[in-house]
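Take a look at the letters that make up each chain.
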Amino acid sequence: MTVNATTDPQLERREALGKPLAIYERMVEIRLVEERIQGLYEQGHLRGSTHLCSGQEAVCVGVARSARSTDTVSCTYRGHGMALALGVEPVGVFGEVTGRVIGCAGGLGGSMHLSAERVGLLPTFAIVGAGLPVAAGAALAAQVKGTDDAAIAVFGDGSANIGAFHEALNLAAIWKLPVVFICENNLYGEYTRIQLTTPVEDLAQRAGSYDMPGVVVDGQDVDIVAQAVETALERARRGEGPSLLEMKTYRYSGHSRSDAATYRPPGELEAWKKRDPIDIYGARLIKDGTASEDELASLRAEIKTRVEEAADKALASPEPGIGEMFLHVFAGSASTGSGGRS
Amino acid sequence: MPKLRMRQAVLQALDDEMTEDASVIVLGEDIAVAGGAFKATEGLLDKFGPLRVRDTPISEMGFLGAAVGAAISGLKPVVEMMYVEFLGVALDELVTEAAKMRYLSRGALSVPLVVRASAGAGLGFGCQHSQMLEQWFRATPGLKLAVASGPQNAYGLLRSAIRDPDPVIVLEPRSLYGDREDVETGEGGIVPLGVARRVSEGEDVTIVALGQMVGVAADAASLGQWTADVIDLQTLVPWDRKTVLDSVARTRRLVVVEEAPYSGGWGTEITDHVGGELFGQLAAPTLRVTTPDIPVPYSGTLEARFLPSAAYVAEQVGELLSTGRRPRPWWER
């Protein structure tokens, strides 16, 4: 992406992910932000739809830890976690989902359209599969310009059955584009279980048709995610082409805010919660002596306070002015209704 | 000034922009090794190499989406859609992704993407390869749309489109690829987007047209007992309201000639705007001369009847002028 990088809190948050405690902190933050967004919805502060990613935090943070901020990331409408992981501040997410000027898209995008160009996040894609070819194109630009930047497409298992998935993988393979395709397989495409829509158990198998590595990854373990992404990115930067990583994960909530997920078999959610990504990583930090249980507990309390403050700050932010909606339709659009047309 | 066929003018525009700007790349089906189905990219591969001139698989959503991503990332991709209908399978990337990127990024991202597409009827390609489809694109804020009517503006509009920071679709009427004229190349030959071209001057009526209907309208004007301002709109989004309004304010009559179905055709926007702005000043109702609301027929006789001809346009305009009323289209008589 062609955005000039200067000192920016988003970049600082991104760089912080080099430290194990920051990784833990970010996953907790994502969980708490999602819980608060659910609360904001219940209190009537959200319009339209919203899609929560609780349970999938390790994928978000693992990807963010291994990608550079100059790499381009396309991501789905279940994107709050990815935006936070890549560097967007909680107030930027709260502000956007509540349609405030402080939101990361100025309140013009909403929950499904978070963006943070400075840390490589394209406006998140609300059309299933649409982001895959675009990521391939960002990789094409890197290849033509001769940089060693790469692109990452993050998408759900539902995207693996749309043409754009196959077209993008094929294109990336024949042109050896520096792109990593990351499928968050959370077992449900919207309301429908994957077995009803997809004949293969491991979507990573599909990489074989495009002669690229296809790797099944434990999406609940942030270290394993980060390592897999790093390996694929290194391959991409060496000019050896794309990879498909399938992150086995689970979304704790339904598809969207109106979905109570009654279609799930009894016990499935509970079984996945036993492999909670935050618990897995927290236990590792305690075991290797990075932090004590008490330290993690007080860190969680601290994050909760910060998240609450961010939500309050967002709610105190005004909605964008009327003129804002006329800006940025075309280059040079004016803040009046006549913008863009002679 | 070189005499170029329209396909050669397109090629010259691509060559000139690629020479001047290393970020311009060209993608599409059969455009590199084979030089394009209509030979509008012949020789570019040899001159600019495989990094910048790429044959794609038959995956319109894939390569158009990739062009969007490349455009966001600092390149200026020019995509060839062999037939405009093929955009149907890639429409999401254009209408829902490319057209929204600047908006959703609050101006941080630009999509300097050009989609060239051959379009239109007249050559017997049948109903799935003969449409214009301007109506698919013109109502999406964030997209620009230009239509070539001959070698000169095929050259000049394409160069402007490539330089434009926003996504632009350029439709090239397929039946005109072989037409030849003197073409001014270089900066002087560039045609700005959003500016119409006065083809002929007259007193009695303003005829607005696009693409291959420009030649039809000009021929019609030479057949009648009246004189016309024939205006080639050249760009449909944004369209040149001022040139059209100034002309109609003088002639007091507006006829739009469209290679488009009557229902929903782009001329409705022109007639509505002008009719509203000049209410009370017009000497006759606005008139649209269009195709019927049917798919494009294959038979040569039927296809020729389907398209507005110069004689038919002249007849419709003549009747409008003599009666002051809107004539019925031929298929309703």
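Given the structure is predicted, the values throughout are model-derived calculations rather than measurements.

### Some points on the overall build of chain B
Inference 1: Within chain B, the secondary structure is distributed over eleven helices and 14 strands.
Inference 2: Computed over its C-alpha atoms, the radius of gyration of chain B comes to 20 Å, within 12% of the 20 Å expected for a compact globule of 333 residues.
Inference 3: Burial analysis of chain B (333 residues in total) assigns 57% to the buried set.
Inference 4: Taking all contacts inside chain B whose residues are at least 6 apart in sequence as the whole, residues at least 24 apart take part in 76%.

### Concerning the overall build of chain A
Inference 1: A tally of regular secondary structure across chain A gives eleven helices and seven strands.
Inference 2: Expected size for 342 residues packed as a compact globule is a radius of gyration near 20 Å; at 20 Å, chain A falls within 12% of this value.
Inference 3: For chain A, the spread of C-alpha atoms along the three principal axes comes to 55 × 50 × 40 Å.
Inference 4: For chain A, the proportion of its 342 residues judged to be buried stands at 55%.

### A closer look at the pairing of strand β10 (residues 205-209) of chain B
Residues and elements named next belong to chain B.
Inference 1: Counting buried positions along β10 yields five of five residues, so the element is predominantly enclosed.
Inference 2: The side-chain alternation of β10 yields two buried faces, one formed by Val205, Ile207 and Ala209 and the other by Thr206 and Val208.
Inference 3: Of the pairings in the sheet, the one linking β10 to strand β11 (residues 228-232) comprises five bridges and is parallel in character. Pairing of alanine 209 across the sheet is with aspartate 232, part of β11.

### Notes on the packing of helix α7 (residues 212-223) of chain B against helix α11 (residues 310-323) of chain B
Residues and elements named next belong to chain B.
Inference 1: Between α7 and α11, whose axes approach to 8 Å, the crossing angle comes to 60°. The orientation of α7 relative to α11 falls into the category oblique. Remark: the crossing between α7 and α11 carries right-handed chirality. On α11, the residues touching Val216, Ala217, Asp219, Ala220 and Leu223 of α7 are Ala310, Ala311, Val313, Ala314 and Val317.

### Quick notes on the sheet that holds strand β9 (residues 197-200) of chain B
Residue and element names in this part refer to chain B.
Inference 1: The mixed open sheet is built from five strands, whose spatial order is β9-β11-β10-β13-β14. Strand pairing shows two members of the sheet lacking a second neighbour, β9 and β14 (287-291), which therefore form its edges. Averaged over all pairs of adjacent strands, the angle between their axes in this sheet comes to 25°, without regard to strand direction.
Inference 2: In terms of strand pairing, β10 meets strand β13 (residues 254-261) through four bridges, oriented parallel.

### Thoughts on the interface of chain B and chain A
Inference 1: The interface is formed by 41 residues belonging to chain B together with 40 residues belonging to chain A.
Inference 2: Of all the secondary structure elements, the ones that give two or more residues to the side of chain B that touches chain A are α3 (60-72), α4 (91-104) and α8 (241-251) of chain B.
Inference 3: Broken down by element, the residue count for the side of chain B that touches chain A peaks at ten residues, all from α3(B).
Inference 4: Residues of the side of chain B that touches chain A, tallied by class, amount to 19 nonpolar, twelve polar and ten charged.

### A look at the domain arrangement of chain B
All names here are of chain B.
Inference 1: Split by domain assignment, chain B resolves into domain 1 (3-189) and domain 2 (197-327).
Inference 2: Using C-alpha coordinates to define each centre, domain 1 is positioned 27 Å away from domain 2.
Inference 3: With 25 residues of domain 1 at the contact, the number on the domain 2 side is 23 residues.
Inference 4: Only α5 (134-137), β6 (144-147), α6 (151-163) and β7 (168-173) provide two or more residues apiece to the side of domain 1 that touches domain 2.
Inference 5: If one sorts the elements of the side of domain 1 that touches domain 2 by residue count, β6 sits on top with four residues.
Inference 6: Split by residue class, the side of domain 1 that touches domain 2 holds twelve nonpolar, ten polar and three charged.

### Remarks on the sheet that holds strand β3 (residues 53-55) of chain B
All names here are of chain B.
Inference 1: Pairing is mixed across the open sheet formed by seven strands, whose spatial order is β3-β2-β4-β5-β7-β6-β12. Edge positions in the open sheet fall to β3 and β12 (235-237), since each of these has one partner strand only. Across the sheet, the mean angle from the axis of one strand to that of its neighbour is 20°, orientation sign disregarded.

### Digging into the pairing of strand β4 (residues 76-81) of chain B
In regular strands, side chains alternate between the two faces of the sheet.
Residue and element names in this part refer to chain B.
Inference 1: Of all six residues that make up β4, six are buried, and the element is covered over most of its length.
Inference 2: Residues Lys76, Val78 and Glu80 point to one face of β4 and Pro77, Val79 and Met81 to the other, with burial holding for every one of them.
Inference 3: Here β4 pairs with strand β5 (residues 114-119) via four bridges, running parallel. Considered in β5, the bridge of valine 78 is made with valine 114.
Inference 4: Crossover β4 to β5 through α4 is right-handed.

### What to know about helix α2 (residues 20-42) of chain A
Inference 1: For α2(A), spanning 23 residues, the distance from its first C-alpha to its last is 34 Å, which sits close to the expected 33 Å at 1.5 Å a residue.
Inference 2: Phi for A:Gly44, located one or two positions after α2(A), is positive at around 85°.

### Focus on the environment of A:Gly241
Residues and elements named next belong to chain A.
Inference 1: As for its position among the elements, glycine 241 is in the loop between α8 (222-237) and β7 (243-248).
Inference 2: On the neighbour-count criterion, glycine 241 (20 C-beta atoms within 10 Å) is buried.
Inference 3: The spacing of glycine 241 and lysine 176 is 65 residues in sequence and 3.9 Å in space, taken between C-alpha atoms.
Inference 4: Excluding anything up to four places from it in sequence, glycine 241 contacts Ala172, Ala173, Lys176, Leu177 and Met212.

How each quantity is defined
Residues numbered from 1 in each chain as written. Chains lettered and ligands numbered in written order. Predicted model: local features only at pLDDT ≥ 70, side-chain atom pairs only at ≥ 80, totals over all residues. Helix = DSSP H or I, 4+ residues; strand = E, 2+ residues; numbered from the N terminus. Rg over C-alpha atoms; globule rule 2.2 N^0.38 Å. Buried ≥ 20, exposed ≤ 12 C-beta atoms within 10 Å, placed from the backbone. Contact = placed C-beta atoms within 7 Å. Pairing = 2+ DSSP bridges. Axes fitted to C-alpha atoms, helices over the stretch in contact; angles between N-to-C directions. Parallel < 35°, antiparallel > 145°, perpendicular 65-115°, else oblique. Left-handed = near helix turned anticlockwise from the far one by under 90°. Nonpolar A, V, L, I, M, F, W, Y, C, P; charged D, E, K, R; others polar. Domains from an automatic or database assignment. Right-handed = clockwise from strand over helix to strand, strands pointing away. Expected span 1.5 Å × (residues − 1).

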